[in-house]
Amino acid sequence: MQRYFIYLSYDGTRYHGWQIQPHSSSVQAELQRALTVLLREKVDVVGAGRTDTGVHARVMVAHIDIDRSIEGTQLAYKLNRVLPRDIAVDRVEAVTAEMHARFSAVSRTYHYYVHTRRDPFLRTYSCELHWNLDFEKMNEAARHLIRAKDFGAFCKSHTDVKTTLCDVTEACWIQTSPNTWYFRITADRFLRNMVRAVVGTLIEVGRGRITVDEFARIIEGRNRSAAGESMPGNALFLEDIRY
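Throughout what follows, the structure given in this document is the object of discussion. As the structure is a computational prediction, the values presented were derived from the model and not from experiment.

On to unusual backbone geometry, then. Although it is not a glycine, Arg40 sits at a positive phi angle of roughly 60°. Position of Arg40 among the secondary structure elements: in the loop between helix H1 (27–39) and strand S2 (46–47). One non-glycine residue, Arg222, lies in positive phi territory at about 55°. Structurally, Arg222 can be placed in the loop between helix H5 (212–221) and strand S9 (236–242). Since its relative accessible area comes to 49%, Arg222 is described here as partly exposed.

The structure is reproduced here in structure tokens:
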């Protein structure tokens, strides 16, 4: 049995997230369907993680196990011929059996994009904000994320996670033009809805509705209802995965 890593990207606008679910379209289902057709056998696809409805990925990694050798370049080419245009395969590589798309990943990085001036060309992949935001305060608050360990305050309620512990190694707002910013966060793992809840709470800091110290206390309190609202998914990108 040979294991292969598939590196892909996708526009999540049309999908109810990465993971296969009944009666809803998903990226995993599209990839699995294409592989089954091309390889002429049922193929199970294991992803590096899950993205929610409408969330995009510049880099997603999945693995498959098949009982024969394949040429990765040819498979990537054929996949791109049969997959929808909003999913693109970058490459397919043979890996050892010990490598696992999800469990071997050591870090994941997300970007959340915002713009503070109306722009018709940004509306699809960035969140338009109408407040005067103090990004220096937002970055001051974001540093508390690196010192924290438990992120229960930013975890979607009633999820079946065994632990809300995460190791965040990077969290900051980066300006790309006078009116555009993105929030970059890297961690070993993420909870469901975590990034969008973190961004929503940091925006509360930027608006002056909560202080940096109050943000720190929200983290310590591990109470989702004390944190800010979850931001729209269309501005969130899974940016990178490291092994």
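Let us now look at the pairing of strand S1 (residues 2–10). Regular strands have side chains that alternate between both faces of the sheet. Here S1 lies mainly inside the structure; 7 of its 9 residues are buried. Both S1 and strand S3 (residues 56–66) contribute to a ladder of 8 bridges, which runs antiparallel. By the bridge assignment for S3, Tyr7 is matched with Val61. Sheet topology note: the S1/strand S4 (residues 87–95) ladder contains 8 bridges and is antiparallel. Note that in S4 the partner of Tyr4 across the bridge is Ala94.

Moving on: the packing of H1 against helix H2 (residues 72–82). For the pair H1 and H2, interaxial distance at closest approach is 10 Å and the crossing angle is 120°. Classed by the angle they form, the pair H1 and H2 counts as oblique. The element H1 and its partner H2 pack so that their crossing is right-handed. Contact residues: H1 offers Leu31, Ala34, Leu35, Leu38 and Leu39, while H2 offers Leu75, Lys78, Leu79 and Val82.

So, on to the packing of aromatic side chains. The relative placement of two aromatic rings is captured by the distance of their centres and the angle of their planes. Counted under the stated rule, the structure contains 11 aromatic pairs. For the ring pair Tyr110 and Phe190, a centre distance of 5.0 Å and an interplane angle of 80° mean the geometry is edge-to-face. Placement of Tyr110 in strand S5 (residues 107–115) and of Phe190 in the loop between strand S8 (180–187) and helix H4 (194–206) is noted, with a sequence separation of 80 residues between them. Here Tyr110 and Phe190 have matching classes, each one buried.

Conventions adopted
Residues numbered from 1 in each chain as written. Predicted model: local features only at pLDDT ≥ 70, side-chain atom pairs only at ≥ 80, totals over all residues. Heavy atoms only, no water. Helix = DSSP H or I, 4+ residues; strand = E, 2+ residues; numbered from the N terminus. Buried < 20%, exposed > 50% of the residue type's maximum accessible area, 1.4 Å probe, protein only. Pairing = 2+ DSSP bridges. Axes fitted to C-alpha atoms, helices over the stretch in contact; angles between N-to-C directions. Parallel < 35°, antiparallel > 145°, perpendicular 65-115°, else oblique. Left-handed = near helix turned anticlockwise from the far one by under 90°. Contact = heavy atoms within 4.5 Å. Phe/Tyr/Trp six-rings, centres within 6.5 Å; stacked < 30°, edge-to-face > 60°.

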